[in-house]
Amino acid sequence: MKRTKHDIRNWYRGSLSVFLAFSMVGCGPGEPDSDRGSVKAAEGGIIQVAATVGMIADIVRQVAGDRAEVKGIIGEGVDPHLYKPTSTDIKSLQ
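Residues numbered from 1 in each chain as written. Predicted model: local features only at pLDDT ≥ 70, side-chain atom pairs only at ≥ 80, totals over all residues. Heavy atoms only, no water.

Got a minute to help me understand helix α3 (residues 54-64) in this structure?
The periodicity of an α-helix, 3.6 residues per turn, causes residues three or four positions apart to be oriented the same way. The complete set of buried residues in α3 reads G54, A57 and A64. Buried residues along α3 cover an arc of 100 degrees about the axis, so they all sit on one side. For α3, the exposed residues lying more than 90 degrees away from the buried face are M55, Q62 and V63. Where α3 is buried, its residues touch β1 (47-51) and β2 (68-72). Phi for G65, located one or two positions after α3, is positive at around 65 degrees. (Buried < 20%, exposed > 50% of the residue type's maximum accessible area, 1.4 Å probe, protein only. Helix = DSSP H or I, 4+ residues; strand = E, 2+ residues; numbered from the N terminus. Arc of directions from axis to C-beta. Contact = heavy atoms within 4.5 Å.)

Teacher, can you tell me more about the pairing of β1 here?
Along any regular strand the residues' side chains alternate between the sheet's two faces. Bridge analysis of β1 against β2 gives five bridges, and the strand direction is parallel. By the bridge assignment for β2, Q48 is matched with E69. Handedness of the β1-α3-β2 crossover: right-handed. (Pairing = 2+ DSSP bridges. Right-handed = clockwise from strand over helix to strand, strands pointing away.)

What should I look at first to understand a nonpolar patch on the surface in this one?
On the surface, a nonpolar cluster with roughly 430 Å² of combined accessible area is contributed by M55, I56, I59 and V63. Note that V63 resides in helix α3. (Patch = residues over 30% accessible without salt bridge, like charges linked within 9 Å, V, L, I, M, F, W, Y side chains within 5 Å. Areas by Shrake-Rupley, 256 points an atom, 1.4 Å probe, with all protein chains shown as cover. Salt bridge = Lys/Arg side-chain N within 4 Å of Asp/Glu carboxyl O.)

Would you mind showing me how to read the environment of V60 here?
Here V60 lies in helix α3. A residue is classified by how much of its surface remains accessible, and V60, at 23% relative accessible area, is partly exposed. Sequence separation between V60 and V70 is ten residues, and the spatial gap between their C-alpha atoms is 7.2 Å. Residues within four places of V60 in sequence aside, it is in contact with V49, G65 and V70.

Explanation requested: the pattern of salt bridges in the structure shown.
Two side chains that carry opposite charge are able to pair once their charged atoms sit near each other. Evaluation of the coordinates by the stated rule reveals one salt bridge. Here D58 ties to R61 by a salt bridge, and the two come within 3.1 Å at their closest N and O atoms. Placement of the pair is D58 and R61 together in helix α3, with a separation of three residues, close to one helical turn. Taking relative accessible area as the criterion, D58 reaches 42% and is therefore assigned partly exposed.

Honestly, that's just the spatial picture; any functional story needs more than this.
This is the structure we're talking about:
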């Protein structure tokens, strides 16, 4: 039996649909982890977030809105490749 381009295309579409369906099975709200800030967010608390560079801190502020307090570790105009963290910065990241 000879396969046509139409048969192969349908096989790829079906395979892609099955792959996407199985990959989405694991996507869900799940249980909140008691060691992380997700519990605080579920209870309406504010999450403490430390971001390394200003660009990432800005993205987190835009996504989290008023649900998180974001602290940028490396200030504006500082080269992240030359940055040496202080003990306070390390504590913030932990």
